[in-house]
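The chain contents come next:
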Amino acid sequence: MKKALYGLLLVLLLSLLGCSANAATITPDQTQPSSSSAYIENKGSDTIVNLALAWAERYQQVRPDVRISVTGGGSGTGLAALNNGTVDIANASRTIKPEEEALLEEQGYKAIQFTIARDAIAVIVNPNNPVQQLTLQQISQIYKGEINNWQEVGGEDRPIVRLSRETNSGTHVYFLEEVIRLGNSDDKSIFSADTLLLPSSEGIIAEVRDNPNAIGYDGLGYVTPEVKVLGIAPDPTSPYVKPSVATVTDGSYAISRDLYMYTRQEPAGEIKNYLDWILSPEAQQIVSEMGFVPVQ
Amino acid sequence: MITKRNVFSEKLITRLIQLAGYLSILFITLILLFLLREGVPTLKEVNFSSLFGSRWYPIESYFGIWPLLLGSITVTIGAGIIAVPLGMGTAVFISEIAPSWVKEVLKPMVEILAGIPSVVLGFVGILVLAPFLRVSLNLPTGLTALAGALLLGWAAIPTIVSVAEDALNSVPPSYREASLALGVSHWQTIWGVTVPAARSGIITAVMLGVGRVIGETMTVMMVTGNAPVLPKGFSAFWAPIRTMTATIASEMGEVANGSTHYHVLFLIGLVLFLFSLAINVVAFIVSTRRIKRQERLLS
């Protein structure tokens, strides 16, 4: 009888202990959801998507309690999503357009811009194409449809097949403004109608790799060794320069641009921490690993 | 014997079927209204000459839908030329000629073919078909209307085969027997009796196939090059092309809600809707007319 009583007491004691142990573990559990609910939605430029993914993965190690989801779709798509409020950070490979900014202001927000990396646009051809270099003027004429055979720029007698990203790509808009129009905002010329508009960077690389007639352009981070990168000169008298971290940093490569992240208000909390970390040396190290050029 | 419970469940089932029928009418009407609401403002924002211009470059306000319209038509015609004879031939073979064990193998194979996702077809197109076309036909690029037509023809064949085969199967055996009993050959029976008797089902099959082709998006976006070139004659097959569906798919994600570009994309959607409506109406007219003539012959 007595034994049973002791036994009961023991059980009670143990269960109490268990309770207190549970209580002790509950406290951090309860605080964790509040910080792990820190969830950052990041979307936009396909140029940046791989870099953003690499950042998000590394940030997971720095701050395991913050979850970041990264998707591509194009700069326009990201900024439209920022406007609709479905993302916290939009990636863009071009600056925000005045009309996109106006749409944000209509809803009482203000676009805040962060320059997160620099990118060079490489002009690429098939490795079997003997052409090694082009001037900006020649590239512009090719894409406007004024030069239609490789012979006219020192190559073989082959038709030129022009490749471009779709119009929702920031790279497309940048290329239109800075290369086809040569930075001249009064110039209203556009891509030749027979320019192939491919939905992805990979599509461009694949077609250039296989097709000796093709010319394409893409962010330096996407260029694989299977295609040939052309040297580019701003005018015929200047030296031809190939894109690299060094030539982009010293400004000698003609087609390079800044890459941006946008928020729709002054960032706070976890979003601010993340953006601060992106500009830290650790994150900028990843920028160079991914084939882009650090901003610091 | 009719019990009360049977009557009740019968009524319930009738009501449910009725509801399903009405719902589909309702949905079509709602879709049409939505397309009209979002698409019609275009007519105020873009003037007609620019809307039917020859250049599509929406980010600089070139809204010529003509190249897209003709692009879709080109691919559809090409796919139709490939898919209709092959699909009907396969259906006739499976239903009328093949021995039963071949039939049992072929039918599920064709159905598996129908299940291939269009994005997979697109990959095959990019990696195999386009380079092959470029080299073998000596084209500047393999990403052409022809590549799209071939792949879409391939995608439409299973639809045509399975519907046409069902139609041929439902022809009463007495028709064939009567024909054969008159001393007519097997081939003449197929061509002169079975196929005409199944005509309305075969036309439905063709129209469903064409409908699948005109609405297909992913494959054409991947293999046709998406260059909004105005097709000129037969040579358009060897050149890149941009279809209406690929345009909507690749640009809808980017446009700002309510902008002119957005409205134009919906107008293109409306045009696509009218296209499939027209196909269905034509199919309906053709098949009903045939039935009447048969009835006249039989009477």
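Source: prediction; values computed, not measured. (Residues numbered from 1 in each chain as written. Chains lettered and ligands numbered in written order. Predicted model: local features only at pLDDT ≥ 70, side-chain atom pairs only at ≥ 80, totals over all residues.)

## Remarks on the overall build of chain B
Regarding its fold elements, chain B presents 13 helices and two strands. Projected onto the principal axes, the alpha-carbon positions of chain B cover approximately 70 × 60 × 35 Å. Buried positions account for 40% of the 299 residues belonging to chain B. Across chain B, contacts joining residues at least 24 apart in sequence account for 74% of those joining residues at least 6 apart. (Helix = DSSP H or I, 4+ residues; strand = E, 2+ residues; numbered from the N terminus. Buried ≥ 20, exposed ≤ 12 C-beta atoms within 10 Å, placed from the backbone. Contact = placed C-beta atoms within 7 Å.)

## With respect to the pairing of strand β11 (residues 256-263) of chain A
Residues and elements named next belong to chain A. Across the eight residues that make up β11, a large majority, six, are buried. Where strand β3 (residues 89-92) meets β11, three bridges bridge the pair, whose relative direction is antiparallel. Residue pairing across strands places Asn-91 opposite Met-261, the latter belonging to β11. Here eight bridges tie strand β4 (residues 112-125) to β11, and the two strands are oriented antiparallel to one another. (Pairing = 2+ DSSP bridges.)

## Some details on the pairing of strand β8 (residues 214-219) of chain A
Each regular strand displays side chains that alternate between the two surfaces of the sheet. Residue and element names in this part refer to chain A. For β8, a buried count of six out of six residues is recorded, marking the element as mostly surrounded by other parts of the structure. Bridge analysis of β4 against β8 gives five bridges, and the strand direction is antiparallel. Its bridge partner lying in β8, Val-123 is registered against Tyr-217. Two strands pair when backbone bridges link them, and strand β6 (residues 161-165) and β8 are joined in this way by two bridges, in the parallel orientation. Looking at the pairing, Arg-162 lines up with Ile-215 of β8.

## Some remarks on helix α6 (residues 118-137) of chain B
In an α-helix there are 3.6 residues to a turn, and that puts residues three or four apart on one side. Taking 1.5 Å of rise per residue, the 20 residues of α6 of chain B would be expected to cover 28 Å, yet its terminal C-alpha atoms sit only 25 Å apart, more than 12% below that figure. Most pronounced at Gly-125 of chain B, the bend in α6 of chain B amounts to some 45°. Of the surrounding elements, those touching the buried residues of α6 of chain B are α7 (201-210) of chain A together with α7 (145-169) and α11 (218-223) of chain B. Asn-138 of chain B occupies a position one or two residues after α6 of chain B and carries a positive phi of about 55°. (Expected span 1.5 Å × (residues − 1). Bend = angle between axes of the 7 residues up to and from the residue.)

## Some remarks on the interface of chain B and chain A
Each partner contributes to the interface: chain B provides 23 residues, whereas chain A provides 29 residues. Broken down by secondary-structure element, the contributors of at least two residues to the side of chain B that touches chain A are α6 and α12 (244-251) of chain B. Per-element tally for the side of chain B that touches chain A: the top contributor is α6 of chain B, with three residues. Of the residues contributing to the side of chain B that touches chain A, the split by class is 13 nonpolar, five polar and five charged. (Nonpolar A, V, L, I, M, F, W, Y, C, P; charged D, E, K, R; others polar.)

## Observations concerning helix α3 (residues 75-84) of chain A
Residues and elements named next belong to chain A. With nine of 10 residues buried, α3 lies mostly within the body of the structure. Taken together, the buried positions of α3 are Ser-75, Gly-76, Thr-77, Gly-78, Leu-79, Ala-80, Ala-81, Leu-82 and Asn-83. Gly-85 sits one or two positions beyond α3 and adopts a positive phi of about 80°.

## Quick look at the packing of α6 of chain B against α7 of chain B
All names here are of chain B. Contact geometry for α6 and α7: axes closest at 10 Å, N-to-C directions at 135°. Classified by the angle between their axes, α6 and α7 sit oblique to one another. Every pair of crossing elements has a handedness; the one defined by α6 and α7 is right-handed. Between α6, through Ser-118, Leu-121, Gly-125, Leu-129, Ala-130 and Leu-133, and α7, the contact on the second element is made entirely by Leu-146, Ala-147, Leu-150, Leu-151, Trp-154 and Ala-155. Class assignment for the residues of the contact of α6 with α7 results in 10 nonpolar, two polar and no charged. (Axes fitted to C-alpha atoms, helices over the stretch in contact; angles between N-to-C directions. Parallel < 35°, antiparallel > 145°, perpendicular 65-115°, else oblique. Left-handed = near helix turned anticlockwise from the far one by under 90°.)

Keep in mind that these numbers describe shape and distance, not what the molecule does.
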